[in-house]
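# Examination of the molecular architecture
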Amino acid sequence: MPKFTRKKLLCLTAPLAAVPIAGKLVLEGSSAEAAGHDHAAHNTSASHTSTSHAAVGHAAMIGEGAPAVGGPHDLDALLYPPPALPHEPGRLRELTIVATDREVEIAPGVFFPAWTYNGTIPGPVVRATEDDVLRVRFVNAGAHPHTIHFHGIHPTNMDGVFEIVERDGELTYEFPARPAGFHVYHCHATPLKKHIHKGLYGAFIIDPKEPREPARELVMVMNGYDTDGDGENNFYTVNGRTFYYARYPIRVKQGELVRVYLANLTEFDLVNSFHLHADFFRYQPTGTGDRWEYTDTVMQCQGQRGVLEIRFAHAGTFMFHAHQSEFTELGWMGYFQVEE
Ligand code: CU
Ligand code: CU
């Protein structure tokens with residue numbers, strides 16, 4: 001099995017017999033006819049049939065034709081955040097986060113040896129209202145030392161940098177939730193690059209005192225996976241699985257307010273981005289302040305995040321994807337299905 005890079009994935013036209021399955025999703029999209037291989041025998045995805053094959057190579061890849069793992073509600077807990085609670089200073093919000101090592105199927109037949117918070121990549125959506133007291137019991141059931149570093153304003157001994165939690169250890173982080181906005185959390189053990197890339201990160205919403213307007217709320221965490229250990233990503237996703245929202249488009253209604261909490265935790269690449277087709281949204285960096293940009297494309301460095309608000313003017317099927325075309329072809333693409 002030769003070592004392959006993402007560049008090879010994108011330009012390779014040789015027969016696929018010796019190429020790991022990781023490469024196939026892309027090859028089918030970019031050079032399927034030239035490759036002329038029989039992939040069905042190697043693929044575990046029910047979606048992956050000869051009829052889907054033609055679809056994969058074209059812009060219309062959607063539904064059954066999209067190479068995504070799992071059922072239609074598998075990622076609901078990562079996509080739909082818990083509800084916002086009204087402002088009530090001093091209210092205690094308690095949760096437990098457990099670090100575990102596990103193999104995660106990120107694309108059909110592609111298993112990534114992950115380090116996770118609560119078993120998923122990204123980890124659970126953490127949500128609080130400004131001035132809540134957040135108490136997070138962190139248990140390290142993984143094989144390596146970890147921490148949780150929350151972005152926000154808090155005492156430095158709650159920062160998840162100096163107090164390393166060894167294997168089988170635990171630590172309780174407690175701090176007031178502030179400032180209001182959209183933040184992230186991630187492991188801060190060294191080497192940091194590895195601990196983040198392995199999957200230890202998640203979304204952290206702090207609702208403002210004055211509640212945001214009611215909306216259909218969604219969380220999207222952009223990431224990448226280096227599946228061959230060469231320090232470059234082979235796959236890109238939102239919420240952890242390639243093409244998941246192409247297989248299962250996100251259903252929203254025409255005219256309703258749709259709010260997306262978008263964060264980037266991609267390692268190795270300098271930036272990631274979100275581009276919406278056929279409509280515009282307003283974007284508030286970090287979900288703080290009142291500065292909005294009206295656009296259809298935003299880019300984020302690792303750790304950057306922001307809030308998007310969209311009201312779809314039309315019903316129909318709206319593509320969204322990274323505007324790095326390569327990331328799109330490697331899994332970071334989906335659709336909104338907007339109903340009248
Ligand atoms: Cu770690
Ligand atoms: Cu950070």
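What counts and what doesn't
Residues numbered from 1 in each chain as written. Chains lettered and ligands numbered in written order. Predicted model: local features only at pLDDT ≥ 70, side-chain atom pairs only at ≥ 80, totals over all residues. Heavy atoms only, no water. Donors = N, O, S within 2.8 Å, 3.2 Å for Na, K, Ca; no water. Helix = DSSP H or I, 4+ residues; strand = E, 2+ residues; numbered from the N terminus. Pairing = 2+ DSSP bridges. pLDDT = per-residue confidence, 0-100. Contact = heavy atoms within 4.5 Å. Axes fitted to C-alpha atoms, helices over the stretch in contact; angles between N-to-C directions. Core = buried A, V, L, I, M, F, W, Y, C linked by side-chain atoms within 4.5 Å. Buried < 20%, exposed > 50% of the residue type's maximum accessible area, 1.4 Å probe, protein only. Phe/Tyr/Trp six-rings, centres within 6.5 Å; stacked < 30°, edge-to-face > 60°. Lys NZ or Arg CZ within 6 Å of the ring centre and 35° of its normal. Salt bridge = Lys/Arg side-chain N within 4 Å of Asp/Glu carboxyl O.

For a metal with four tetrahedral donors the ideal donor-metal-donor angle is 109.5 degrees, whereas six octahedral donors ideally subtend 90 or 180 degrees. For the copper ion (ligand 2), the full set of protein donor atoms is H151 (NE2) and H186 (NE2), and the range of their distances to it is 1.9 Å. Taken together, the positions of H151 in the loop between β5 (149-150) and β6 (170-176) and H186 in strand β7 (residues 181-186) put the pair 35 residues apart, joining distant regions of the chain.

Below, the discussion takes up the sheet that holds β7. Spatial ordering of the open sheet is given by β3-β8-β7-β5, a layout of 4 strands whose pairing is mixed. Either end of the sheet is taken by a strand with one partner, and the two such strands are β3 (126-129) and β5. Across 6 bridges, β7 lies against strand β8 (residues 201-207) in antiparallel orientation. The residue bridging G181 from the neighbouring strand is I206, located in β8.

This part covers the confidence of the model for the protein chain. This prediction gives the protein chain a mean pLDDT of 87; 82% of its residues lie at or above 70. Every residue in residues 1-5 is under pLDDT 50, and counting partners more than four places away or in other chains gives 18 contacts. The low-confidence segment residues 7-56, where pLDDT is below 50, has 83 contacts with residues more than four positions distant or belonging to other chains.

Time to look at the sheet that holds strand β4 (residues 133-140). Across the sheet, 4 strands lie side by side as β2-β1-β4-β6; this open sheet has mixed pairing. Each edge of the open sheet carries a strand with a single partner, namely β2 (110-117) and β6. Neighbouring strand axes in the sheet, compared pairwise and without regard to direction, differ in orientation by 25 degrees on average.

Within the largest apolar cluster, 40 residues are counted, with the highest numbers of intra-cluster contacts made by F274 and F336. Broken down by element, the residue count for this core peaks at 4 residues, all from strand β19 (residues 333-339).

With that settled, the discussion passes to unusual backbone geometry. Cis geometry is adopted by the peptide bond preceding P122, which originates at I121 and carries an omega value of -5 degrees. When you line up the elements, P122 lands in the loop between β2 and β3. Residue P179 follows R178 across a cis peptide bond; omega there is 0 degrees. With respect to the helices, strands and loops of the structure, P179 is situated in the loop between β6 and β7. With phi around 60 degrees, N118 is a residue other than glycine that occupies positive phi space.

Moving on, we come to the coordination of the copper ion (ligand 1). Every protein donor of the copper ion (ligand 1) is accounted for by H146 (ND1), C187 (SG) and H195 (ND1), and the metal-donor separations fall at 1.9 to 2.1 Å. Between consecutive donor residues of the copper ion (ligand 1), the sequence gaps follow H-x40-C-x7-H. Of the two residues, H146 sits in the loop between β4 and β5 while H195 sits in helix α5 (residues 192-197), which places them 49 residues apart along the sequence. Residue H146 shares its accessibility class with H195, and that shared class is buried.

Per the stated rule, a full pass over the model turns up 20 aromatic pairs. Ring centres of Y117 and F138 lie 6.0 Å apart, and the angle between their planes is 75 degrees; on these two criteria the pair is classed as edge-to-face. Of the two residues, Y117 is situated in strand β2 and F138 in strand β4; the sequence distance between them amounts to 21 residues. With respect to class, Y117 is no different from F138; both count as buried. Taking 5.4 Å as the distance between ring centres and 35 degrees as the angle between the ring planes, the aromatic pair formed by F150 and Y185 counts as tilted. In this pair, F150 sits in strand β5 while Y185 sits in strand β7, placing the two residues 35 residues apart along the sequence. Members of the aromatic cluster, each reached through a chain of ring pairs, are Y117, F138, F150, Y173, F175, Y185 and F204. The ring of F112 is capped by K198, whose NZ or CZ atom sits 5.7 Å from the centre of that ring. Just above the ring of W292 sits the side chain of R282; from NZ or CZ to the centre is 3.7 Å.

Let's shift gears to the pairing of strand β18 (residues 316-321). Bridge analysis of strand β13 (residues 271-276) against β18 gives 2 bridges, and the strand direction is antiparallel. Paired with L276 across the strands is F320, a residue of β18. For β18 and β19, the ladder comprises 6 bridges, and the chain directions are antiparallel. Residue pairing for β19: G316 is matched across the bridge by V338.

A separate point is the environment of A66. Tracing the sequence through the fold places A66 in the loop between α3 (50-56) and α4 (76-79). Assessed through its relative accessible area of 0%, A66 is described here as buried. Note: C-alpha distance between A66 and G334 (268 residues apart in sequence) is 9.4 Å.

Counting across every chain of the model gives 15 salt bridges. As a salt-bridge pair, R91 and D132 come within 3.0 Å of each other at their nearest N and O atoms. Here the residue R91 occupies a position in the loop between α4 and β1 (92-107), and D132 occupies one in the loop between β3 and β4, the gap between them amounting to 41 residues. Here R91 and D132 have matching classes, each one buried. Note that E309 and R282 form a salt bridge whose closest N and O atoms lie 2.9 Å from each other. One end of the pair, E309, is in strand β17 (residues 305-311); the other, R282, is in strand β14 (residues 281-285), and 27 residues separate them in sequence. What emerges from the salt-bridge pattern is a single network uniting R127, D207, E217, R259, R282 and E309.

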